[in-house]
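The lines below spell out each chain.
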Amino acid sequence: MDAQGRGRADDIDPADQWVLNPNTGEYELRLGPSSPQSPVPGPRRAASRAGAAARSAGTTAKGAGGARAAGGAGDAGGTVRNRTAAPGRESRQAPGREVPPQRRRRGAPEEPLPGRRSRRPVKKKGKAKKAALWTGGIMAFVVVAAAAGAYLYIEHLNDNIQSVNDDGASTGGFSKDKAINILLIGTDKRTGAGNEKYGDSGSAGHADTTILLHVSKDRSNATALSIPRDLIVDIPDCPTTQEDGSQEVIAGETGVRFNTSLGQEGRTPSCTARTVTELTGIKPDNFMVADFNAVKTLTTAVGGVEVCLAKDINDRDSKLNLTKGKHTIEGEDALAFVRTRHSVGFGGDLSRIGLQQQFLSALMRKLKSNDTLTSPTKMIKLAEAGTKALAVDSQLDTIDKLKDLGLELGKLNTKNLTFTTVPVIDNPAEQVKTTVVLNESTAPQVFEAIQNDVSFTAVKQQKQKEAAAVAARLKGTKADASEVRVQVLNGGAPAGSASETLTWLQNEEGVSKSENAGNAPASLAKTTLEYAPDQADQARRLAEIMGLSGSAMKPGKSVTNSQGLPTMTLTLGKDFKGAGKSVTAPTKAPDVEKSTADKVECAK
């Protein structure tokens, strides 16, 4: 029982009964003056020790270690043990020193001096204030507990994440201030409960469904480009990390199906990423891999997605059995939907791609709907399902990185998310058409549009204004070619490009005041021409000769050439195609078959 419980500290806070003795540096329990108390038995000690203590102090020990009179002094130079002290705590008093008086509880009346009255009463702390302090303490505890719980949950989600070595096939990770390219790889691996019934249960999993998602730098639009699994491609050599941590280069192949870029010959998702770069010229920032379970768990987590059929479908291979019209599907039905091909379109893989794009559009709409975003239950289920269902590359293997990517993707408006497919034609080398090849007239245009961050949907008015301002750099007077002074640098173009360009400019275009300045200090994705304001007429002439767009022209400053004269700087980037070939980036996407994520389309 504490002092207050025994009636000895009516206005003293229990915490304030323990005071610091400045002479000893230890806390001691000090009670204020009060009426004598009944002795309270203390812990038994050896009789000889008690007697010695009594003789030393000149006092009478009441029993072994008995109680002392209230307010009595301790033994000179000895140890004073207060029977009300907390276990294991002792208070010591230096010889000849007085113990400081106990602190008064804030708000408690001051003890009057003998024969003197207190001049004015001091108000006690109100109940409301006590309640506020109590509530504040509880709230602080709740906040700390919640923070700890959130930390533990984040750690739990981190443990869910499976990562795959990127083997240097990615850029090293997306950036918030740049366009983003994410490679989504759907495999036909049959692992997981219930998936063995789809056959081929021992498959290592191939690149069955692959989408390159490009998100614009300003996050105003995105393009999801489907790559047919039966497209004939060249697979490059693939440095691959083995299970034991060693490196092995898996030899490439030419003229094979795209889906063999994963699973075949021990190839990993990093090899699929390299194959996409070889095919499109676009290097993914990150990649994700999803198997059959991902479709089932993600759709269940959001409570199903709504799809539409233009006819009844009963597909014995995919197990999809739905009537014409709209349906909300999840789990096994969702998986059956994305696997269906024989009952839609022409019954091939290209028809199935269209069905998958419709499904992903529906999933995107559901993910961004208030029904999902305002439901903590669904969001937690989605976090669990997403971290368990997807394998990500080693540059995207924490919940923080996934969260940051999600925030960037969340800025998209579904009406500006375009789904399209790599333009292809039937393989002319086959009599029985089972594979496809690139449509060389339109596929390069699609790749180039994505490389140059061109939207496949209507561009915002602000973006149109910016494009007009850039285009205006090309308008105005142009100097004669003989007056153009420029130094040429190689900033990522093939070796020898600067020398080749210099020869072409001088011998065929009359730009005699040009010189080779060697390699640029850093590689550039795009060719640029930097010039001072008074060199704008020269810049416009050189842009016309080189086939440069307004975006390649960079108003800035001039440099000094070998003759000590001011000159412009032409840096040949990775987009340089050769002397005499235009490097003008497209400003409009090619006209290809496409759909946007905001529209509901019915599978035919």
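Cut-offs used in this document
Residues numbered from 1 in each chain as written. Predicted model: local features only at pLDDT ≥ 70, side-chain atom pairs only at ≥ 80, totals over all residues. Heavy atoms only, no water. pLDDT = per-residue confidence, 0-100. Contact = heavy atoms within 4.5 Å. Disulfide = S-S within 2.5 Å. Helix = DSSP H or I, 4+ residues; strand = E, 2+ residues; numbered from the N terminus. Buried < 20%, exposed > 50% of the residue type's maximum accessible area, 1.4 Å probe, protein only. Pairing = 2+ DSSP bridges. Axes fitted to C-alpha atoms, helices over the stretch in contact; angles between N-to-C directions. Salt bridge = Lys/Arg side-chain N within 4 Å of Asp/Glu carboxyl O. Patch = residues over 30% accessible without salt bridge, like charges linked within 9 Å, V, L, I, M, F, W, Y side chains within 5 Å. Areas by Shrake-Rupley, 256 points an atom, 1.4 Å probe, with all protein chains shown as cover. Lys, Arg positive; Asp, Glu negative; His and termini not counted. Charge placed at Lys NZ, Arg CZ, Asp CG, Glu CD. Parallel < 35°, antiparallel > 145°, perpendicular 65-115°, else oblique. Nonpolar A, V, L, I, M, F, W, Y, C, P; charged D, E, K, R; others polar. Right-handed = clockwise from strand over helix to strand, strands pointing away. Expected span 1.5 Å × (residues − 1).

## Observations concerning the confidence of the model for the protein chain
Next, step 1: Across the protein chain, the average pLDDT comes to 77, with 69% of residues at 70 or higher.
Next, step 2: In this model, residues 103-119 is a region of pLDDT below 50 whose contacts with residues beyond four sequence positions or in other chains number 19 contacts.

## Side note on the state of the cysteines
Next, step 1: According to the stated counting rule, one finds two disulfides in the structure shown.
Next, step 2: Note that Cys238 is cross-linked by a disulfide to Cys271, the S-S spacing being 2.0 Å. Here Cys238 and Cys271 share a disulfide; its torsion about the S-S bond, 60°, makes the bridge right-handed. Placement of the pair is Cys238 in strand β8 (residues 238-241) and Cys271 in helix α3 (residues 269-280), with a sequence separation of 33 residues. Each of the two residues, Cys238 as well as Cys271, counts as buried.
Next, step 3: There is a disulfide in this structure between Cys308 and Cys602, and the S-S distance comes to 1.9 Å. Judged by the sign of its S-S torsion, about 70°, the bond between Cys308 and Cys602 is right-handed. Here Cys308 is found in strand β12 (residues 305-309), whereas its partner Cys602 is found in strand β27 (residues 602-603), with 294 residues between them in sequence.

## Describing the sheet that holds strand β26 (residues 594-596)
Next, step 1: Read from one edge to the other, the open sheet built from eight strands follows the order β3-β16-β11-β4-β5-β6-β17-β26, with strand pairing classed as mixed. Because the sheet does not close on itself, it has two edges, and the strands there are β3 (162-164) and β26. Direction aside, neighbouring strands of the sheet carry axes that sit 25° apart on average.
Next, step 2: Bridging between strand β4 (residues 180-187) and strand β5 (residues 207-215) involves eight bridges; their strand directions are antiparallel. Across the sheet, Gly186 pairs through a bridge with Thr209, a residue of β5.
Next, step 3: Strands β3, β11 (286-290) and β16 (390-393) of the sheet are contacted by helix α8 (residues 376-389), whose axis makes an angle of about 60° with β16.
Next, step 4: Across the sheet, helix α9 (residues 399-409) touches β4, β5, β11 and β16, and the angle it forms with β4 is around 110°.

## Digging into the pattern of salt bridges
Next, step 1: Per the counting criterion, the structure on display carries 16 salt bridges.
Next, step 2: In this structure, Asp208 and Arg352 form a salt bridge, with 3.4 Å as the shortest nitrogen-oxygen distance. Residue Asp208 is found in strand β5, and its partner Arg352 is found in helix α6 (residues 349-367); the two are separated by 144 residues along the sequence.
Next, step 3: Residue classification places Arg352 among the buried positions, given a relative accessible area of 5%.
Next, step 4: Of the charged contacts, one joins Arg541 and Glu544 as a salt bridge, the two residues approaching to 2.5 Å between their closest N and O atoms.

## A few points about a positive patch on the surface
Next, step 1: Among the surface-exposed residues, Lys178, Lys217, Lys526 and Lys554 lie close enough to one another that they form a single positively charged patch.
Next, step 2: Relative to the helices and strands, Lys217 is located in the loop between β5 and β6 (222-227).
Next, step 3: Here Lys217 falls in the exposed class, since its relative accessible area comes to 53%.

## Some remarks on the packing of helix α5 (residues 331-339) against α6
The geometry of a pair of packed helices is captured by two quantities: the angle between their axes and the separation between those axes.
Next, step 1: Direction vectors running N to C along α5 and α6 enclose 140°, while the axes themselves pass 8 Å from each other. With respect to each other, α5 and α6 are oriented oblique. Together, Ala334, Phe337, Val338 and Arg339 of α5 and Arg352, Leu355, Gln356 and Phe359 of α6 make up the contact between the two elements.
Next, step 2: A per-class count over the contact of α5 with α6 returns five nonpolar, one polar and two charged.

## A look at the environment of Lys574
Next, step 1: Relative to the elements of secondary structure, Lys574 occurs in the loop between β25 (566-572) and β26.
Next, step 2: Excluding anything up to four places from it in sequence, Lys574 contacts Gly491, Gly492, Ala493, Ser523, Leu524, Ala525 and Lys526.

## Points about the packing of helix α12 (residues 497-508) against helix α13 (residues 536-546)
Next, step 1: Running from amino to carboxyl end, α12 crosses α13 at an angle of 105°, the nearest separation of the two axes being 12 Å. The angle between α12 and α13 places the two elements in the roughly perpendicular class. Every residue of α13 that contacts α12 at Thr501, Trp504 and Leu505 is listed here: Leu542, Ile545 and Met546.
Next, step 2: Here the residues of the contact of α12 with α13 sort into five nonpolar, one polar and no charged.

## Focus: the environment of Leu279
Next, step 1: For Leu279, the location among the structural elements is in helix α3.
Next, step 2: Residues Leu279 and Leu438 lie 159 residues apart in sequence; the distance between their C-alpha atoms is 9.5 Å.

## As for the pairing of strand β21 (residues 513-519)
Next, step 1: Bridge count between strand β20 (residues 485-490) and β21: five bridges; the pairing is parallel. Paired with Val486 across the strands is Ser514, a residue of β21.
Next, step 2: After leaving β20, the chain enters α12 and then returns to the sheet as β21, a path that is right-handed.

## Observations concerning α3
Next, step 1: The end-to-end C-alpha distance of α3 is 17 Å, a good match for the 16 Å that twelve residues give at a rise of 1.5 Å each.
Next, step 2: The element α3 is extensively covered by neighbouring structure, given that ten of its twelve residues are classed as buried.
Next, step 3: Among the residues of α3, Pro269, Ser270, Cys271, Thr272, Ala273, Arg274, Thr275, Val276, Leu279 and Thr280 are the ones counted as buried.
Next, step 4: Gly281, located one to two residues past α3, shows a positive phi value of around 80°.

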